[in-house]
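Per-entry structural report
Next come the chains, spelled out residue by residue.
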Amino acid sequence: MMTSANPCVGLIGLAVMGKNLALNIADHGFEIAVFNRTTAVTDEFIAENPHTPAKLTGCHTLKEFVDAIAKPRVIIVLVKAGPAVDSIVEQLLAAGLDPQDIVVDAGNSLWTDTIRREKDYSGKLKFFGSGVSGGELGARFGPSLMPGGDPDSWKHLEPIWKAIAAKVDARTGEPLAGASAGKPVTGGVPCTAYLGPNGAGHYVKMVHNGIEYVDMQLISEAYLLLRSLLGLRPDEISQIFSQWNKTELNSYLIEITADVLQQKDPRNKKKFLVDVIVDSAGQKGTGKWTSTNSLDMGVPANSIAEAVFARCMSALKSERVAASKKLKGPLARKLRAGKPIIEAIRQALYCSKICAYAQGFQLMREAQNQYHWKLDFGTIASIWRGGCIIRAKFLQKITDAYQADPKLVNLLLDPYFRKQVRTGQEDWRKVVSLAATTGVPAPAFMSALAYFDSYRSAVLPASLIQAQRDYFGAHTYQRVDAPDGQFFHVDWPAADRPEVKA
Ligand code: 2AM
């Protein structure tokens, strides 16, 4: 509980996430000053929340705001990612911030911006970045928080972040009732940990979102297969998802899917809501950032990219409607909805999900080499166990895997995950084949299987690609029987084609 006369923390940006995070902070006994560019929003927020456990102070100017906070100030910024962050920081400096003050960017900023900002503002203030996941309810009652920046700044932020984060049971790793029960949680292990310097927190948050894209796409593909292939109704599929939620697939996204699928259309109770929602998915860009970064670093995160492309494809609604009248696939065929096929779809979903997470962790492994971070993958999985959108029972297994072997090269190589994929792979292949032969689109299931099969192949046809490249562009190749680093070239168009060392 704060004892100083002034709040020790301030928050800028009272949109949905900012308001909820401010209330969460006040709930935990930290007096907090708040500021929003549009001052009417601040006044309304203060008026709507007269009796918080710790005092909320509304400020109309940044000068008033800066003067209201005890030093060293901890100022959480939750404005639109991009130039607004720089603009606010410049205004805070003009309003009199000290070099010891800490500005925490808790928005969805690009990690390279966080790296740049930390350098740009060095000596003027301490710039810190933190990912926040969990949506509105998470922000209010316990998000997953992914902090990155200067370790000394973390010491000041840590008590606040640990107090407001989601909590999981120390023994089972399962989320403690909080966000879902609509009340703050005390006790348990907080879903936050210091992840590393500069952009590490925002990077990990970005990968979290990339994985979230695949998780959602895989669930949607399972739904489509159950619907198109087995002819099940949304409420029947809802029951299947509820059952799946009692298995290894137990997760927030499976749980809300079961709920969504039983929802009737408020305008016509004979219809299901999912059938009146336009099948065109939006995106805010973090999935795209993850995919672009995977291409930049040369890390095969094909299922993450596939999930982004699936949303792009969904957005081509009018083109798809026109094409559906001209491009014919196989004749629609329904299978009997028995236990084996439903279980096969569940296995395909779980195996694909494992591949998606393997890709996300491979990305983080490569990024840490590039940016000289020391990411602790077990800890990362552990702080995703509660509060965030991808929270799931299975994250405990990832934590266990990295704790057993911190140098694990790929999640697929961990004994538990190897066993899961060995058990599920026959079903996974059956489902992918069925999707192909019946013409039901299942791009993420398919790309995950392609990832698995490629990753487990000692030999790929890239030898042919190297030969083609050497043929048309003299790009050279290496030989299997020559030392690494020796390059060869064939004088292709010539009749005798002698091989030369390049
Ligand atoms: P507003 O209410 O004045 O629009 C999400 O957009 C949040 O970021 C809102 O609180 C919004 O304030 C704030 N915001 C967006 N751009 C901003 C900027 N350039 N400067 C300050 N706040 C900004």
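Residues numbered from 1 in each chain as written. Predicted model: local features only at pLDDT ≥ 70, side-chain atom pairs only at ≥ 80, totals over all residues. Heavy atoms only, no water.

Quick word on the site of the ligand
- The local shell around the ligand consists of G13, L14, A15, N36, R37, T38, V79, K80, A84 and I88.
- One of the side-chain N or O atoms of R37 is found 2.9 Å from an oxygen atom in the ligand.
- Note that an oxygen atom of the ligand is positioned 2.5 Å from one of the side-chain N or O atoms of T38.
- Calculation on the ligand without its partners gives an accessible area of 480 Å², and the protein chains cover 75% of this total. (Near = heavy atom within 4 Å. Polar contact = N/O pair within 3.5 Å; in protein donor to acceptor, adjacent residues only side chain to side chain. Areas by Shrake-Rupley, 256 points an atom, 1.4 Å probe, with all protein chains shown as cover.)

Considering the packing of helix α8 (residues 200-229) against helix α9 (residues 234-244)
- At a closest axis distance of 10 Å, the pairing of α8 and α9 adopts a crossing angle of 130 degrees. The angle between α8 and α9 places the two elements in the oblique class. In the crossing of α8 with α9, the sense of the turn from one axis to the other is right-handed. Each of I219, A222, Y223, L226 and R227 in α8 lies in contact with α9, whose residues at this interface are P234, I237, I240, F241 and W244.
- The residue makeup of the contact of α8 with α9, split by class, is nine nonpolar, no polar and one charged. (Axes fitted to C-alpha atoms, helices over the stretch in contact; angles between N-to-C directions. Helix = DSSP H or I, 4+ residues; strand = E, 2+ residues; numbered from the N terminus. Parallel < 35°, antiparallel > 145°, perpendicular 65-115°, else oblique. Left-handed = near helix turned anticlockwise from the far one by under 90°. Contact = heavy atoms within 4.5 Å. Nonpolar A, V, L, I, M, F, W, Y, C, P; charged D, E, K, R; others polar.)

A few points about α8
- With 30 residues, α8 ought to run about 44 Å at 1.5 Å a step, and its terminal C-alpha atoms sit 43 Å apart, in line with that.
- Among the 30 residues that make up α8, 25 are buried, leaving the element largely enclosed by the rest of the structure.
- One or two steps after α8, the chain reaches G231, where phi turns positive at roughly 65 degrees. (Expected span 1.5 Å × (residues − 1). Buried < 20%, exposed > 50% of the residue type's maximum accessible area, 1.4 Å probe, protein only.)

Considering the nonpolar core
- Core analysis: the largest hydrophobic core is formed by 91 residues, its most contacted members being F241, F361 and W384.
- Top element by residues in this core is helix α14 (residues 339-371). It accounts for 17 residues.
- Once residues within four sequence positions are removed from consideration, F241 is found in contact with I219, A222, Y223, L226, I254, T257, A258 and L261.
- Counting residues in hydrophobic clusters, the runner-up holds 31 residues, among them A22, F45, I76 and F128. (Core = buried A, V, L, I, M, F, W, Y, C linked by side-chain atoms within 4.5 Å.)

Structural notes on the packing of aromatic side chains
- By the definition in use, this model includes 21 aromatic pairs.
- Seen in terms of ring centroids, F361 and F377 are 6.0 Å apart; in terms of plane orientation they differ by 80 degrees. Their pairing is edge-to-face. Here the residue F361 occupies a position in helix α14, and F377 occupies one in helix α15 (residues 377-383), the gap between them amounting to 16 residues.
- Using a relative accessible area of 2% as the deciding quantity, one classes F361 as buried.
- Owing to a relative accessible area of 7%, F377 belongs among the buried residues under this scheme.
- The side chain of K264 reaches across the aromatic face of F272, ending 5.2 Å from its centre.
- If you follow R391 out to its NZ or CZ, it ends over the ring of Y252, 4.0 Å from the centre. (Phe/Tyr/Trp six-rings, centres within 6.5 Å; stacked < 30°, edge-to-face > 60°. Lys NZ or Arg CZ within 6 Å of the ring centre and 35° of its normal.)

Focus on the sheet that holds strand β5 (residues 102-105)
- A sheet is described by the order of its strands in space; here seven strands give the open sequence β3-β2-β1-β4-β5-β6-β7, paired in mixed fashion. Looking at the sheet topology across the chains shown, the edges are occupied by β3 (56-59) and β7 (144-148). Recorded for the sheet is a direction-independent mean angle of 25 degrees between the axes of neighbouring strands.
- Bridging between strand β4 (residues 74-77) and β5 involves four bridges; their strand directions are parallel. From the neighbouring strand, V77 faces β5, where its bridge partner is D105. (Pairing = 2+ DSSP bridges.)

Remarks on the pattern of salt bridges
- If you walk through the whole model with that rule in mind, you get 25 salt bridges.
- In this structure, E236 and R233 form a salt bridge, with 3.7 Å as the shortest nitrogen-oxygen distance.
- In this structure R233 comes out as partly exposed when scored by relative accessible area, which is 44%.
- The partner of E343 in a salt bridge is R346, with the nearest N and O atoms 2.9 Å apart. Taken together, the residues span about one helical turn, with E343 and R346 both in helix α14 at a distance of three residues.
- Residue E343 is classed as partly exposed on the basis of its relative accessible area, which comes to 30%.
- Taking the relative accessible area as the measure of exposure, R346 reaches 8% and is therefore buried.
- Through salt bridges with shared partners, a single network forms among D86, D105, D113, R116, R117 and D120. (Salt bridge = Lys/Arg side-chain N within 4 Å of Asp/Glu carboxyl O.)

Topic: the packing of α8 against α14
- One can describe the packing of α8 onto α14 by two numbers: an axis separation of 10 Å at closest approach and a directional angle of 165 degrees. Comparing the axis directions of α8 and α14 gives the class roughly antiparallel. Like other packed secondary-structure pairs, α8 and α14 cross with a definite hand, here right-handed. Contacts between α8 and α14 involve Y203, V204, V207, I211, V214, D215, L218, I219, A222, L225 and L226 from the former and I342, I345, L349, S352, K353, A356, Y357, G360, L363, M364 and A367 from the latter.
- Counted by class, the contact of α8 with α14 contains 18 nonpolar, two polar and two charged residues.

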